[in-house]
Amino acid sequence: MTQTSTDLHDLTVAQLATLLRQRKVSAVEAARHFLTRATAYKHLGAFLGVSEDVTLAQASAADARLATGATGALLGVPLAHKDIFVTRDFVSTAGSKMLDGYRSPFDATVVSRLAEAGAVTLGKLNCDEFAMGSANENSAFGPVKNPWDSSRTPGGSSGGSAAAVAARLTPAATGTDTGGSIRQPAAFCGITGIKPTYGRASRYGMVAFASSLDQAGPLARTAEDCAILLGAMCGPDPDRDSTSLDVPTEDFSLKLGDSIDGLRIGIPAEFFGEGLADDVRASVNAALKQYELLGAKLVPISLPRTELSIPVYYIIAPAEASSNLSRFDGVKFGHRAAQYTNLTDMYLQTRAEGFGDEVKRRIMIGTYVLSHGYYDAYYLQAQKIRRMIADDFQQAFTQCDVIAGPVAPTVAWQLGGHGNDPLADYLADIFTLPASLAGLPGMSLPVGFGAGNMPVGLQLIGNHLTEARLLNVAHRFQQATDWHIARPQGV
Amino acid sequence: MSLTPADIDRLAHLARLGLKPAERARMCTQLNDFFGIVEKMRAVDTTGIVPLAHPVDVMGNMALRLRDDVANEPNQREANQRSAPAVEDGLFLVPKVIE
């Protein structure tokens, strides 16, 4: 098999890694190919930062290792990182004016782990400011466009990651998911993404939004690729992240080929209520039928507090954010206002100028729910219902092995479609928030097309630490169908 | 119960956010819209439920741990101060706080 550089971008991570190992293509050729594409598709707004010299130096180093016969799951494979991960060699902005031009003194653990596995960094990908958003419209550096229809959102907050993978500007990308920020953009862009169990991947060097929810994961075209990437990203980081789980690194590819005959798939009634658009419902139901053909059994279950997960999440996440974002004070790093009268005014002006509207709203909500007299009624009450939501899942998992349903109530909406109504974005997160609150792994895989020929995603949720099973369930579907192979026009 | 412009001012000050008048008015409306959906949550009976601060609490026998309290990072003052807005002699500069 010979490859020309023109179709490198059609290869999956697994295929590209094989060609690199066989030395049929060099890491430098691959890197150059994708850098050229990143430039050609600049109008999508997916990339925030590229540094050709850095990328090519990493690629040359990978080629040198390949020449010695070294192997590594990702040796020479180009990837790009959501700009929420700090990187020593690329500017790290978190999509915020506050960190415009910021250079981190260190790499995030996820970044260094992928580099150790041999991956070559193509650059940094656009995202909602501090990962707060569902449409990638909250980036200080402009929105990202959906490669399937450039008038629509790619989803958020990992919108740049999803758009770049869908447009074949990178074989795969990292993302983070606090309330759905990997799963929802993966669904909106017709690709595959997984948020592992909370604590699987180190949060060291992930610019913090909501510390009890933030989790890193990969976005790629196939479940097989997600398994390869996830294995490289996860693992204990005991010295640097106290929330990193003490569970050994796992080969998530091991169970990919397992049969799913007899698999019990829980179908939560609350995910199929009135709010679900007909086109999404039709594609999700067709996917569930496909699973029945593959031998799975559909089991009706209930997640009775699904709707409550919206207020619960939008109390807890802003509370944690208001605390985390207090570090942006114009002193140690980042933006400082030019005009101020004294220290307090310097804080006020710096934060007024550096933060965008959505970030300010969440800081205000968080400050309120943590303030004296309101803490019990809001924050503590939200944490109590959070436990009830987590318990609901454990109840459900006595009846099923995995849970399936839609990722989002609709396909990707028009950029600007939610206007000046932040609540509309919050409500659209309804199906991804419950698993986030419970710390459960969840993934999205493409299962069809809805209105406007926009992709529809199926969400799979598993119990804690069952990522290998989830990936197996997704992989079996992708072996039997070709939704994940579909590509946007003009790409 | 709804938030008033005075509440917004108090919160903005606590959060050290300098809001412009137009921003303040918009924030007041948007936060009140948001707390409209929160009311449902407040009505839930949570008697006897222990708050869940962290998902690791519901992962079987997993626990959050602490590392030994020893310095394990090298001193990288220069690298750490590279992105600071104002530095002098290795110190972060802030506006004068003591007259």
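Bear in mind that the values here come from a model prediction, so they are computed numbers and not experimental data.

A. Main features of the overall build of chain A. Counting its secondary structure elements, chain A contains 15 helices and 11 strands. Its C-alpha atoms give chain A a radius of gyration of 21 Å, near enough to 23 Å, the size a compact globule of 491 residues would have. When the backbone C-alpha atoms are referred to their principal axes, chain A occupies close to 65 × 55 × 45 Å. A fraction of 76% describes how many contacts in chain A between residues 6 or more apart in sequence connect residues 24 or more apart.

B. Molecular detail of the overall build of chain B. Along its length, chain B carries 3 helices and 2 strands. For chain B, the N- to C-terminal ordering of α and β elements is α-α-α-β-β. At 23 Å, chain B has a C-alpha radius of gyration far larger than the 13 Å of a compact globule built from 99 residues. In terms of principal-axis extent, the alpha carbons of chain B reach across some 55 × 50 × 25 Å. Evaluated residue by residue, chain B yields a buried proportion of 17% over its 99 residues.

C. Structural view of the packing of helix H9 (residues 309-324) of chain A against helix H11 (residues 357-369) of chain A. Residue and element names in this part refer to chain A. One way to put it is that H9 packs onto H11 with a least axis distance of 7 Å and a crossing angle of 95°. As far as their axial angle goes, H11 and H9 are roughly perpendicular. Taking contact as the criterion, the partners of Ile 315, Pro 318, Ala 319, Ala 321 and Ser 322 in H9 are, on H11, Arg 362, Ile 363, Ile 365, Gly 366, Thr 367 and Val 369. Across the contact of H9 with H11, the residue classes break down as 7 nonpolar, 3 polar and 1 charged.

D. Quick look at the pairing of strand S9 (residues 402-406) of chain A. Residue and element names in this part refer to chain A. Within S9, 5 of the 5 residues are buried, leaving the element largely enclosed by the surrounding structure. One ladder, built from 2 bridges, connects strand S7 (residues 264-268) with S9; its direction is parallel. Note that in S9 the partner of Gly 266 across the bridge is Ile 403. The pairing of S9 with strand S11 (residues 455-462) spans 5 bridges and is classified as antiparallel.

E. Expanded view of the interface of chain B and chain A. With 47 residues of chain B at the interface, the matching set in chain A holds 59 residues. Elements with a minimum of two residues in the side of chain B that touches chain A: helix H1 (5-14), helix H2 (21-42) and helix H3 (77-81) of chain B. Considering every element that reaches the side of chain B that touches chain A, the biggest residue donor is H2 of chain B, with 10 residues. When the residues that make up the side of chain B that touches chain A are grouped by side-chain class, the tally is 32 nonpolar, 8 polar and 7 charged.

F. Layout of the nonpolar core. Residue and element names in this part refer to chain A. Counting residues in hydrophobic clusters, the biggest one holds 173 residues, and the most contacted among them are Ala 164, Val 312, Val 402 and Leu 471. The element contributing the most residues to this core is H9, with 9 residues. Among all residues touching Val 402, those that are not within four sequence positions of it are Leu 263, Ile 265, Gly 266, Leu 460, Ile 461, Gly 462, Arg 469, Leu 470 and Val 473.

G. Here's a closer look at the environment of Ala 287 of chain A. Residue and element names in this part refer to chain A. Inspection of the secondary structure puts Ala 287 in helix H8 (residues 278-293). On the basis of neighbour counts, which here come to 21 C-beta atoms within 10 Å, the residue Ala 287 falls in the buried class. Remark: the alpha-carbon pair of Ala 287 and Phe 477, spanning 190 residues in sequence, is separated by 8.4 Å. Not counting residues up to four positions away in its chain, the partners in contact with Ala 287 are Val 447, Gly 448 and Leu 458.

H. Structural context of the packing of helix H7 (residues 223-233) of chain A against helix H15 (residues 467-480) of chain A. All names here are of chain A. Contact geometry of H7 with H15 gives a least axis separation of 8 Å together with a crossing angle of 155°. Judged by the inter-axis angle, H7 sits roughly antiparallel to H15. In this structure, H7 contributes Ala 223, Glu 224, Cys 226, Ala 227 and Leu 230 to the contact, and H15 contributes Glu 467, Leu 471, Ala 474, His 475 and Gln 478. Residue composition of the contact of H7 with H15, grouped by class: 6 nonpolar, 2 polar and 2 charged.

I. Region of interest: the pairing of strand S5 (residues 192-195) of chain A. All names here are of chain A. Because side chains alternate across S5, one face comprises the buried residues Thr 192 and Ile 194, and the other comprises Gly 193 and Lys 195, equally buried. Pairing of S5 with strand S6 (residues 215-220), which is carried by 2 bridges, proceeds in the antiparallel orientation. Paired with Gly 193 across the strands is Leu 219, a residue of S6. Where S5 and strand S10 (residues 442-449) come together, 3 bridges link them in antiparallel fashion. Note on S10: the bridge partner recorded for Ile 194 is Met 443.

J. The confidence of the model for chain B, seen in detail. Residues and elements named next belong to chain B. Residues with a pLDDT of 70 or more make up 99% of chain B, whose mean pLDDT is 92. Ranking the elements of chain B by mean pLDDT puts H3 last, at 92, and H1 first, at 97. Across the whole predicted complex the pTM is 0.97, and at the interface the ipTM reaches 0.96.

K. Representation of the confidence of the model for chain A in the model. Scored by pLDDT, chain A has a mean of 96; 99% of the residues are at 70 or more. Counted against residues more than four places away or in other chains, residues 1-6 of chain A, with its pLDDT under 50, gives 7 contacts.

L. The arrangement of the environment of Asp 391 of chain A in detail. Residue position: Asp 391 of chain A is located in helix H12 (residues 375-396). Taking C-alpha positions, Asp 391 of chain A is 19 Å from Ile 315 of chain A, a pair spaced 76 residues apart along the chain.

M. Summary view of helix H3 (residues 52-67) of chain A. Here H3 of chain A is 16 residues long and its end C-alpha atoms lie 22 Å apart, about the 22 Å a rise of 1.5 Å per residue gives. Those residues of H3 of chain A that are buried are in contact with helix H1 (13-21), helix H2 (27-40) and strand S3 (120-125) of chain A.

N. Summary view of helix H5 (residues 159-166) of chain A. All names here are of chain A. Extensive coverage of H5 is indicated by the burial of 8 of its 8 residues. Elements in contact with the buried residues of H5: strand S1 (47-49), strand S2 (78-82), S3, strand S4 (172-177), helix H6 (183-189) and S6. Phi turns positive one or two residues past the end of H5, at Arg 168, with a value near 60°.

About the criteria used
Residues numbered from 1 in each chain as written. Chains lettered and ligands numbered in written order. Predicted model: local features only at pLDDT ≥ 70, side-chain atom pairs only at ≥ 80, totals over all residues. Helix = DSSP H or I, 4+ residues; strand = E, 2+ residues; numbered from the N terminus. Rg over C-alpha atoms; globule rule 2.2 N^0.38 Å. Contact = placed C-beta atoms within 7 Å. Buried ≥ 20, exposed ≤ 12 C-beta atoms within 10 Å, placed from the backbone. Axes fitted to C-alpha atoms, helices over the stretch in contact; angles between N-to-C directions. Parallel < 35°, antiparallel > 145°, perpendicular 65-115°, else oblique. Nonpolar A, V, L, I, M, F, W, Y, C, P; charged D, E, K, R; others polar. Pairing = 2+ DSSP bridges. Core = buried A, V, L, I, M, F, W, Y, C linked by C-beta atoms within 7 Å. pLDDT = per-residue confidence, 0-100. Expected span 1.5 Å × (residues − 1).

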